Protein chains: 4
Amino acid sequence: MEIKSTEIKVRYAETDQMGVVHHAVYPIWFEACRTDFMEQLGYPYSRIEEEGFMTPLIKLDVNYKSGAKYGDTVLVDAKITELGLIKFTFSYTVKRKSDGALLATGSTTLACCDKNLKIINLKTACPEVYAKLEAQLEK
Amino acid sequence: MEIKSTEIKVRYAETDQMGVVHHAVYPIWFEACRTDFMEQLGYPYSRIEEEGFMTPLIKLDVNYKSGAKYGDTVLVDAKITELGLIKFTFSYTVKRKSDGALLATGSTTLACCDKNLKIINLKTACPEVYAKLEAQLEK
Amino acid sequence: MEIKSTEIKVRYAETDQMGVVHHAVYPIWFEACRTDFMEQLGYPYSRIEEEGFMTPLIKLDVNYKSGAKYGDTVLVDAKITELGLIKFTFSYTVKRKSDGALLATGSTTLACCDKNLKIINLKTACPEVYAKLEAQLEK
Amino acid sequence: MEIKSTEIKVRYAETDQMGVVHHAVYPIWFEACRTDFMEQLGYPYSRIEEEGFMTPLIKLDVNYKSGAKYGDTVLVDAKITELGLIKFTFSYTVKRKSDGALLATGSTTLACCDKNLKIINLKTACPEVYAKLEAQLEK
């Protein structure tokens, strides 16, 4: 299944006094992209939470190539690059829409947890989500 | 009881490309000040929530006088200026520590709610908090 | 000229532990709406800044009616409700897209400034922007 | 020279609906710690910028161990772990103050740039900063 990019217009509040988007905004864009990704898979993250599961981050990394600016629209793309029983990893690219310039890459590893943030086995606890993620796993 | 100022060092992430602190940061500083205020009253806000109460904002206003900058430390002061059975109002000033310059004033009105965000009577549901707020009410 | 709503999908990062969008997010949504508004008027805010003008907030107020939640999409609408020579006011509504429920109203008053944040006369310094705002002024 | 921890009280706005501090807040805490670090070295970051230099992030990573909560105070510690001519790396720990529990570790690599965000040689452009960082470099 082809997943569409998440399109984000830079917010003024996201800039800092260097005149570019502050680096702590990129993980928030990654997250907005994950939200869209799960929605496109037909299993919105809000439903996952309603069913009593949570997926807190256990690892984040970002490589910054060039600064996004106010006035820019960016395209964020995600792929599932690792899938385990208790954690899984999304990898991202952030590109400027106007010229396709690569602004950042990154990844987030999420744990599968219950409501009390105890680790659980995603495959047995939430087999439908596991199957959907598996079908998207990059070969 | 004399309530001490909340001292806040401006964070780089709080600036925007105008080179000053973004206006949406001030409500967050007000909130940090409320946290300190309730702690000084001997009833931390985290305890209020543990007991099943919430105090969402129903009204916010801010008047911006001069921009805080990265490198500044600010002093935020709060007073209880209105106290009703189901809502109460804090008023704030934000001053630059180095020279006492007034940067902003504002107020927030908070509702008294249960866990499901239904309005409740603070005086009967949480008499100790009500009494503490009342003792601080500006005459 | 009919100005279209700004459509915003709630970000997970925008929620707080009350389970609703944090109140300090609304001014950021207002600002995203202003960005779209000026773009639709044919004078993007980024161009205003490139020409050496800035419009810092001097006043903000928000009335919160009901909490936006993760999973919601909101529609933010702006109108010019006051226009002076050195300042102007936008008024906003925030509605939940799914059912039209009113979540918040508010307004922001912006000053007209040069690069050094000194007040200027918008009508003489930037007559095209002034004319465009005037044409949108609510009667 | 012994550098002191940066002490940060969790802000309500920093929590999300999982009931813990949102993961995108940690890079902001790292940055607040860098601010304190440079100040303690006697060369505040605001002075570096006044002199025409900028240090945008080129790399960020965070490992999350346990969630910080509203009500917690955290201690953030930084060390210089790599120092090159055009970039340098800080490594961090975030601990809960009350019990010393490790909440997160991470690192940020910063580039040395001029005002236009062009890479420069820190050692020649800003020898005093380079020397101060070198003196702190972990062996």
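Calculation notes
- Residues numbered from 1 in each chain as written.
- Chains lettered and ligands numbered in written order.
- Predicted model: local features only at pLDDT ≥ 70, side-chain atom pairs only at ≥ 80, totals over all residues.
- Helix = DSSP H or I, 4+ residues; strand = E, 2+ residues; numbered from the N terminus.
- Rg over C-alpha atoms; globule rule 2.2 N^0.38 Å.
- Buried ≥ 20, exposed ≤ 12 C-beta atoms within 10 Å, placed from the backbone.
- Contact = placed C-beta atoms within 7 Å.
- Pairing = 2+ DSSP bridges.
- Axes fitted to C-alpha atoms, helices over the stretch in contact; angles between N-to-C directions.
- Least-squares fit on C-alpha atoms with pLDDT ≥ 70 in both.
- Nonpolar A, V, L, I, M, F, W, Y, C, P; charged D, E, K, R; others polar.
- Core = buried A, V, L, I, M, F, W, Y, C linked by C-beta atoms within 7 Å.
- Expected span 1.5 Å × (residues − 1).

1. Details of the overall build of chain A
Reasoning step 1: From N to C terminus, chain A includes four helices and seven strands.
Reasoning step 2: From first element to last, N terminus to C terminus, chain A shows the α and β order β-α-α-β-β-β-β-β-β-α-α.
Reasoning step 3: In summary, chain A has a C-alpha radius of gyration of 16 Å against a globular reference of 14 Å for 139 residues, a match within 12%.
Reasoning step 4: Each principal axis of the C-alpha atoms in chain A carries an extent, and together these give about 45 × 30 × 25 Å.
Reasoning step 5: Here chain A holds 139 residues, and 42% of them are scored as buried.
Reasoning step 6: Residue pairs at least 24 apart in sequence account for 66% of intrachain contacts in chain A once pairs closer than 6 positions are excluded.

2. A short note on the sheet that holds strand S6 (residues 102–111) of chain C
Reasoning step 1: Spatially, the 10 strands line up as an open sheet ordered S1(B)-S4(B)-S5(B)-S6(B)-S3(B)-S3(C)-S6(C)-S5(C)-S4(C)-S1(C), and their pairing is antiparallel. Each edge of the open sheet is held by one strand with a lone partner, namely strand S1 (6–9) of chain B together with strand S1 (6–9) of chain C. Neighbouring strand axes in the sheet, compared pairwise and without regard to direction, differ in orientation by 20° on average.
Reasoning step 2: This element, helix H1 (residues 26–40) of chain B, spans S1, strand S3 (57–64), strand S4 (73–83), strand S5 (87–96) and strand S6 (102–111) of chain B of the sheet and lies at about 70° to S4 of chain B.

3. As for the relation of the copies chain D and chain A
To go from the first copy of the chain to the second, apply a rotation about an axis and then a shift along the same axis.
Reasoning step 1: For these two chains of identical sequence, chain D goes onto chain A by a turn of 180° and a shift of 0.0 Å along the axis, with RMSD 0.0 Å. What the rotation and shift describe, once combined, is the action of a two-fold rotation axis. Identified as the residue of chain D closest to the rotation axis by C-alpha distance is Asp61 of chain D, at 2.1 Å.
Reasoning step 2: The residues that chain D uses at the interface reappear at the interface of chain A in 100% of cases, marking a shared surface.

4. Some remarks on the sheet that holds strand S4 (residues 73–83) of chain D
Reasoning step 1: Strand order in the open sheet formed by 10 strands is S1(A)-S4(A)-S5(A)-S6(A)-S3(A)-S3(D)-S6(D)-S5(D)-S4(D)-S1(D), and the pairing between neighbours is antiparallel. Sheet topology places strand S1 (6–9) of chain A together with strand S1 (6–9) of chain D at the edges, where each strand pairs with a single neighbour. Along the sheet, successive strands turn relative to each other by an average axial angle of 20°, direction set aside.
Reasoning step 2: With four bridges joining them, S1 of chain A and strand S4 (residues 73–83) of chain A adopt antiparallel strand pairing. Considered in S4 of chain A, the bridge of Ile8 of chain A is made with Val74 of chain A.
Reasoning step 3: The sheet strands contacting helix H1 (residues 26–40) of chain D are S1, strand S3 (57–64), S4, strand S5 (87–96) and strand S6 (102–111) of chain D, and the helix crosses S4 of chain D at an angle near 70°.

5. Points about the interface of chain D and chain A
Reasoning step 1: Contact with chain D, which involves 17 residues of that partner, is made by 17 residues of chain A.
Reasoning step 2: Of all the elements in the fold, those that place two or more residues in the side of chain D that touches chain A are H1 and S3 of chain D.
Reasoning step 3: Ranked by residues supplied to the side of chain D that touches chain A, first place goes to S3 of chain D with eight residues.
Reasoning step 4: Looking at chain direction, strand S3 (residues 57–64) of chain A and S3 of chain D are connected through five bridges and run antiparallel. The partner of Leu60 of chain A across the bridge, within S3 of chain D, is Val62 of chain D.

6. Here's the deal with the interface of chain B and chain D
Often, the extent of an interface is quoted as the loss of accessible area upon association of its parts.
Reasoning step 1: Tallying the contact residues gives 11 residues for chain B and 11 residues for chain D.
Reasoning step 2: A per-element tally of the side of chain B that touches chain D places H1 of chain B first, with four residues.
Reasoning step 3: Of the residues in the side of chain B that touches chain D, the class split is six nonpolar, three polar and two charged.

7. Observations regarding the relation of the copies chain B and chain D
Reasoning step 1: Least-squares fitting of chain B to chain D yields an RMSD of 0.0 Å, with the transformation described by 0.0 Å of translation along the axis and a rotation of 180°.
Reasoning step 2: Mapped onto chain D, 100% of the interface residues of chain B again fall at the interface, so both copies present the same surface.

8. As for the nonpolar core
Reasoning step 1: Judged by nonpolar contacts, the single largest core of 168 residues is most densely connected at Trp29 and Val76 of chain A, Trp29 and Val76 of chain B, Trp29 and Val76 of chain C together with Trp29 of chain D.
Reasoning step 2: Val76 of chain C has contacts with Ser5, Thr6, Ile8, Trp29, Phe30, Cys33, Tyr92 and Val94 of chain C, leaving out every residue within four places of it along the chain.

9. A short note on the pairing of S4 of chain D
Residues and elements named next belong to chain D.
Reasoning step 1: Strand direction decides the pairing type here: S4 and S5, joined by nine bridges, are antiparallel. Bridging from a neighbouring strand, Ala78 pairs with Tyr92 of S5.
Reasoning step 2: What sits between the antiparallel neighbours S4 and S5 is a turn of three residues.

10. With respect to the pairing of S6 of chain B
All names here are of chain B.
Reasoning step 1: In this structure, S3 lies alongside S6, joined through seven bridges in antiparallel fashion. Across the sheet, residue Leu57 finds its bridge partner in S6, namely Leu110.
Reasoning step 2: One ladder, built from nine bridges, connects S5 with S6; its direction is antiparallel. Pairing of Thr89 across the sheet is with Thr109, part of S6.

11. Things to note about helix H1 (residues 26–40) of chain A
Along an α-helix, a turn takes 3.6 residues, which lines up residues three or four apart on a common side.
All names here are of chain A.
Reasoning step 1: When the terminal C-alpha atoms of H1 are compared, their 21 Å separation across 15 residues agrees well with the 21 Å that a helix rising 1.5 Å per residue should span.
Reasoning step 2: For H1, a buried count of 12 out of 15 residues is recorded, marking the element as mostly surrounded by other parts of the structure.
Reasoning step 3: Looking at the buried residues of H1, the elements they touch are S1, helix H2 (45–50), S3, S4, strand S5 (87–96) and strand S6 (102–111).
Reasoning step 4: Phi turns positive one or two residues past the end of H1, at Gly42, with a value near 90°.

12. Some thoughts on unusual backbone geometry
Residue and element names in this part refer to chain B.
Reasoning step 1: Within the chain, Leu117 stands out as a residue other than glycine whose phi angle is a positive 65°.
Reasoning step 2: Mapped onto the elements, Leu117 comes out in the loop between strand S7 (113–114) and helix H3 (122–125).
Reasoning step 3: With 14 C-beta atoms counted inside 10 Å, the residue Leu117 sits in the partly exposed group.

13. With respect to the environment of Lys4 of chain C
Residues and elements named next belong to chain C.
Reasoning step 1: With respect to the helices and strands, Lys4 occurs in the segment before S1.
Reasoning step 2: A residue is classified by how many C-beta atoms lie within 10 Å of it, and Lys4, with 10 of them, is exposed.
Reasoning step 3: C-alpha separation for the pair Lys4 and Met38, spaced 34 residues apart in sequence, amounts to 11 Å.

Shape descriptors only; they carry no functional weight alone.
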